[in-house]
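Next come the chains, spelled out residue by residue.
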Amino acid sequence: MSKILKNSELDITSANSIVSETLNKCDDGELYLEDSKSEAIVLDDNKIKSSSYNSNLGYGLRAVTDDVVAYSHSSDLTKKSLNESSKNLKSTLSSSNGAYNFEIKKTNKKYYTEQDPIEAKNFKSKIEILNQVNEYVRKTDNSVKQVTATLLGEHKSIEIIRNGGEILTDERPLVRFNVSVMLEKNGRKETAVYGIGGRQNYDAYLKEADWKNVCDEALRIASVNLNSKPAPAGEMQVVLGPGWPAILIHEAVGHGLEGDFNRKKTSAFHNLVGQRVASEGVTIIDDGTLENRRGSLSIDDEGTPTEKTVLIENGILKNFMQDRLNARLMKTKSTGNGRRESYKHVVMPRMRNTIMLNGKHTQEEMIKSVKKGIFAVSFGGGQVDITSGKFVFNCTEAYEIIDGKVGSPIKGATLIGDGPSALKEVLMVGNDMMLDPGIGTCGKAGQGVPVGVGQPSLLINKMTVGGTQL
Amino acid sequence: MLEYNNNLGDIVDQCISKAKKSGATDVEVALIKNTSETVSFRNQKLDESDRAENIGLSLTAYINKKKTSVSSSNLNKENLEKLIGRCIDAAKITPDDDFNSLPDKELFFKSSKELDLLDDTHIENSKKIEYLKEAEEVAFKNPEIVNTNGSSFSESKTEIILGNSKGFKNGYKTSNFTAYCEVVSKSNGNMERDYEYTSKRHFEDLLKPSELGSNAAKFAIRKLKPQKINSGKFNIIFDKRISKNFLNYFGSAITGASIYRGTSFLKEKLNKKIFSDNINIVDRADIKRGNGSKYFDNEGVKIQNLSLVNKGVLNDYLIDTYYGKKLNIASNGRSGGTTNLYFENGNKDLKDLMNSNKKIFYVTETIGHGTNIVTGDYSLGAGGMMIENGEFVHPISEVTIAGNLNEMFSKMVLANDLQFNYSTNSPSVLIENMTVAGK
């Protein structure tokens, strides 16, 4: 039974026959249907600046033969349009002579509620919360000059119709609450952002203590930065705090371990399976099964149940993250990492929640051992060049370390390193693993998908800090 | 009169009247229809084909000073009626904002010269593949090129229709052709990648495939065997691919929103000198076939040509209706941002800039998002070439460059090599004495 087709002009029998006719001589493929709703309510400059509600319906028909993908998508969910897509795919893959792989793992496991968070909380109470947030932030600190508070809610129903009529479905809620503040004191301005979210209803994140904590964190980071001095420039030791700084792992090794780049041999890691790529004690997993987390999925966007995939175990490279296409070509199994932003996008291997597991050291030990370095607590975003392995991420809260003691806060700076060697420079792995607060979006080939990260505190022997002070 | 599809125009009218009947005092509806075909090519054969047909309608309803928006890809009549109902219900309980309104009637776009933004040619996929095949073949003639990250060719046609309850209704069609080629070079264990990219309104204006392939190969090969240099102060030349980003930072720092909200390092700089004497920045929407050309902005307002910086002095902001009302300036048609934004040419040859100092770091790529528009602080990962006595000596990678945009702007020297390849364009730029962090 297809819930999405029930309200469209396309009937399931026609859909099935078009799918089977298109995919018969192909190795793989499916009809992907999506019905998504999203809302954004923004308070800015003391006013509700905008509120919007979006409802999207569309399909993507994909045919895969050998290593070639033909895709056609449309927001017009009709038999006529689907037939045109089918024609387009068949003409692209006219010489196709594959054997459809009917096999797909099943699961009954669900890692989040099916509820639509947008409908679970009324509009008026969302506006009230944003107003309370604005009032609280402005009352707490009189150097506050600007407050922006945002509620984002989403509900996505997906259906994957495979050749042979099998339908795999998922209902995915996602919410996010963000506060951004600008402080001004003695002619200096600084901003900071903090947020929380995940795959639950709004109320799971918006109890008074929760939203106040988000406001307090944004205020704390901005006021630390009001007293920051120029950052140092050059190679030095770096202590990373637990939680969100794990975007280091996401950039330094995560992307380089995605199946597509390794199948194409364009990743700096493609020939390193079984070899040491990180210090002893470093274990990194990619986990789609954590309940209610932003990066979790019950099934991926090809219908494969997600799992906990070990990428690096005690420093040795074990596995890549795979979708069905790259797994087949590399003669392994999909790890449930096949994802797409929406029906407008093709599937590719993407991360879910990428986490470094606990070691045995304390953060205190790490800081004590550093003669000259920086202690990086909070980050903006990161980026990586998969082929050369060079990656960056920029600090939004960091301090200098001098002779084993944390000193003055320093201005935001970019840190740059080399992926394949960075994790070999890990000197200590902390015992304080934390997950990020649920705010990450990962971009790849123009597609954004929600992800999570996590790590304990880390001491890295050397990274280049991009400050201005020589 | 511009051309658009009347059936889609009727949907816009129906939505406006439905929203009015349901209690809106004003309504704005935008409808965008896009059809595109993309082909990716890798290692001498087709890698991926993608055909897209998308439509999106967005509606903003005002009830006096209250405002909310809805949007959908589903133009089914029932669905649209339901959404409009939802929009009106939400607007009713949204607090007033005195600055919410449609643009003033006299600012609406009326007519313009023909901008030639649509090339109706349909390039068959087989022809796209031929183009990409030639590009890759040329790239692979170089023995250092060992792999490809894929090349792609995409053809896209877009139709925009905008209408509102003050009687504005207009629309137009545009086209876009884009080709991209990314290759991997290798020497002893070191792999590097680089790309070339061409994007035009008309097919005939694209780079020739051989040029696309040979440029991508040239760029990827010159990065091989990079060195990490010692930290220090360097004079830096920013390649045109990178220097255009300065205009993007500049553009986001002078939007009505960032000026009004005070979140800009250029706040309070109006009529003040922020660049040296011979620097001019222009934003004009009416360049024929321009990548950033438009007939009207997202609110239907006529887009004025702006001399944003004249002889180094900041002359104007980018203003839409909402922030225009807040700042008490009329909209200059920048709801939706800049159009064709560029530095006018400087008066130095790039060669002269390369010879201006014994050692120069020539930056060909940056990585990361370390630019702070509020403070102007700038810190990015970078790579490029070391130039000594005007000659390339060796590639550089895994370093950072840092400074503050206020100071960097005031020190900028422009070369005379401006080309209109993108919607934002800059000649090469020299900035002296920046901090580079390396070893």
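This structure is a prediction, so every number in the text was calculated from the model and none was measured.

## A look at the overall build of chain B
And step 1. Tallying secondary structure elements over chain B gives nine helices and 17 strands in all.
And step 2. In summary, chain B has a C-alpha radius of gyration of 24 Å against a globular reference of 22 Å for 439 residues, a match within 12%.
And step 3. Taken along its principal axes, the extent of the C-alpha atoms in chain B is 70 × 55 × 40 Å.
And step 4. Contacts in chain B between residues far apart in sequence, at least 24 positions, make up 74% of those at least 6 positions apart.

## As for helix α2 (residues 77-92) of chain B
And step 1. Over its 16 residues, α2 of chain B extends 23 Å from the first C-alpha to the last, a length consistent with the 22 Å expected when each residue adds 1.5 Å.
And step 2. All of the buried residues along α2 of chain B are Leu 80, Leu 83, Ile 84, Cys 87, Ile 88, Ala 90 and Ala 91 of chain B. Along the axis of α2 of chain B, the buried residues cluster in a sector spanning 165°; they form a single face.
And step 3. At its buried positions, α2 of chain B is contacted by β2 (47-65) and α5 (123-140) of chain A together with α1 (6-21), β2 (45-63) and β3 (66-72) of chain B.

## Points about the domain arrangement of chain A
All names here are of chain A.
And step 1. Domains assigned within chain A are domain 1 (117-157 + 171-226) and domain 2 (233-466).
And step 2. For domain 1 and domain 2, the distance between their C-alpha centres works out to 26 Å.
And step 3. The interface is formed by twelve residues belonging to domain 1 together with twelve residues belonging to domain 2.
And step 4. Grouping the amino acids of the side of domain 1 that touches domain 2 by side-chain chemistry returns five nonpolar, five polar and two charged.

## Re the sheet that holds strand β16 (residues 424-425) of chain B
And step 1. Read from one edge to the other, the open sheet built from five strands follows the order β10-β9-β8-β11-β16 (chain B), with strand pairing classed as mixed. On the outer flanks of this sheet lie β10 (313-314) and β16 of chain B, each paired with one strand and no other.

## Quick word on the pairing of strand β9 (residues 306-310) of chain B
Residue and element names in this part refer to chain B.
And step 1. With three bridges joining them, strand β8 (residues 281-284) and β9 adopt antiparallel strand pairing. Counterpart to Val 282 in the pairing with β9 is Ser 307.
And step 2. The turn joining β9 and β10, which pair antiparallel and follow one another in sequence, is formed by two residues; a positive phi near 50° is taken by Lys 311.

## Some thoughts on the environment of Glu 81 of chain B
All names here are of chain B.
And step 1. Note on placement: Glu 81 falls in helix α2.
And step 2. In this structure Glu 81 comes out as partly exposed when scored by C-beta crowding, with 15 C-beta atoms within 10 Å.
And step 3. For the pair Glu 81 and Lys 18, spaced 63 residues apart in the sequence, the C-alpha separation amounts to 7.5 Å.

## Topic: helix α6 (residues 208-226) of chain A
And step 1. When the terminal C-alpha atoms of α6 of chain A are compared, their 27 Å separation across 19 residues agrees well with the 27 Å that a helix rising 1.5 Å per residue should span.
And step 2. Here α6 of chain A has its buried residues at Trp 211, Val 214, Cys 215, Glu 217, Ala 218, Leu 219, Ile 221, Ala 222, Val 224 and Asn 225 of chain A.

## Focus: the interface of chain A and chain B
And step 1. Opposite the 62 residues of chain A that make contact, chain B presents 57 residues.
And step 2. Counting residues per element, the side of chain A that touches chain B draws most heavily on β2 of chain A, at eleven residues.
And step 3. In terms of residue class, the side of chain A that touches chain B is made up of 18 nonpolar, 30 polar and 14 charged.

## Notes on the domain arrangement of chain B
When the parts come together, some accessible area is lost, and that loss is often what is quoted as the size of the interface.
All names here are of chain B.
And step 1. Here chain B is partitioned into domain 1 (6-35 + 51-107) and domain 2 (226-439).
And step 2. Placing the centre of domain 1 and that of domain 2 at their C-alpha centroids yields a distance of 36 Å.
And step 3. Counting residues at the interface gives four residues for domain 1 and ten residues for domain 2.
And step 4. Considering only residue class, the side of domain 1 that touches domain 2 consists of three nonpolar, one polar and no charged.

## With respect to the confidence of the model for chain B
And step 1. Summing up the model confidence of chain B, the mean pLDDT is 95 and the portion of residues at 70 or higher is 100%.
And step 2. This complex was scored by the predictor with a pTM of 0.94 and an ipTM of 0.91.

## Considerations on the packing of helix α2 (residues 12-23) of chain A against helix α3 (residues 79-92) of chain A
The geometry of a pair of packed helices is captured by two quantities: the angle between their axes and the separation between those axes.
Residue and element names in this part refer to chain A.
And step 1. Relative to each other, α2 and α3 sit at 5°, their axes nearing to 10 Å. Our classification of the angle between α2 and α3 gives roughly parallel. In this structure, α2 uses Ser 14, Ala 15, Ile 18, Glu 21 and Thr 22 to contact α3, whose residues at the interface are Lys 79, Leu 82, Asn 83, Ser 86, Leu 89 and Lys 90.
And step 2. Looking at the contact of α2 with α3 residue by residue, the class counts come to four nonpolar, four polar and three charged.

## Considerations on the environment of Lys 326 of chain B
All names here are of chain B.
And step 1. Note that Lys 326 resides in helix α7 (residues 321-327).
And step 2. For the pair formed by Lys 326 and Asn 355, sequence separation is 29 residues and the distance between their alpha carbons is 48 Å.
And step 3. When neighbours within four sequence positions are excluded, Lys 326 is seen to be in contact with Phe 99 and Tyr 260.

## Considerations on unusual backbone geometry
And step 1. If you check the backbone angles, Asp 403 of chain A has positive phi at about 50° while not being a glycine.
And step 2. Structurally, the position occupied by Asp 403 of chain A is in the loop between β15 (390-402) and β16 (405-410).
And step 3. Of the residues examined, Asp 403 of chain A has 9 C-beta atoms within 10 Å and is grouped as exposed.
And step 4. Even without glycine at this site, Asn 389 of chain B takes up a positive phi of about 50°.

## Digging into the pairing of strand β5 (residues 169-187) of chain B
Consecutive residues of a regular strand have side chains that alternate between opposite faces of the sheet.
All names here are of chain B.
And step 1. Bridging between strand β4 (residues 145-164) and β5 involves 17 bridges; their strand directions are antiparallel. Bridged to Ser 152 within β5 is Tyr 180.
And step 2. Linkage of β5 to strand β6 (residues 190-200), two consecutive antiparallel strands, is achieved through a turn of two residues, within which Asn 188 is found at a positive phi near 50°.

## Let's talk about the packing of α1 of chain B against α2 of chain B
Residue and element names in this part refer to chain B.
And step 1. Running from amino to carboxyl end, α1 crosses α2 at an angle of 40°, the nearest separation of the two axes being 10 Å. What the angle tells us is that α1 and α2 run oblique. For the crossing formed where α1 meets α2, the hand is right-handed. Seen from α1, the contacting residues are Cys 15, Lys 18 and Ala 19; seen from α2, they are Leu 80, Glu 81, Ile 84 and Ile 88.
And step 2. For the contact of α1 with α2, a count of residues per class yields five nonpolar, no polar and two charged.

Cut-offs applied
- Residues numbered from 1 in each chain as written.
- Chains lettered and ligands numbered in written order.
- Predicted model: local features only at pLDDT ≥ 70, side-chain atom pairs only at ≥ 80, totals over all residues.
- Helix = DSSP H or I, 4+ residues; strand = E, 2+ residues; numbered from the N terminus.
- Rg over C-alpha atoms; globule rule 2.2 N^0.38 Å.
- Contact = placed C-beta atoms within 7 Å.
- Expected span 1.5 Å × (residues − 1).
- Buried ≥ 20, exposed ≤ 12 C-beta atoms within 10 Å, placed from the backbone.
- Arc of directions from axis to C-beta.
- Domains from an automatic or database assignment.
- Nonpolar A, V, L, I, M, F, W, Y, C, P; charged D, E, K, R; others polar.
- Pairing = 2+ DSSP bridges.
- pLDDT = per-residue confidence, 0-100.
- Axes fitted to C-alpha atoms, helices over the stretch in contact; angles between N-to-C directions.
- Parallel < 35°, antiparallel > 145°, perpendicular 65-115°, else oblique.
- Left-handed = near helix turned anticlockwise from the far one by under 90°.

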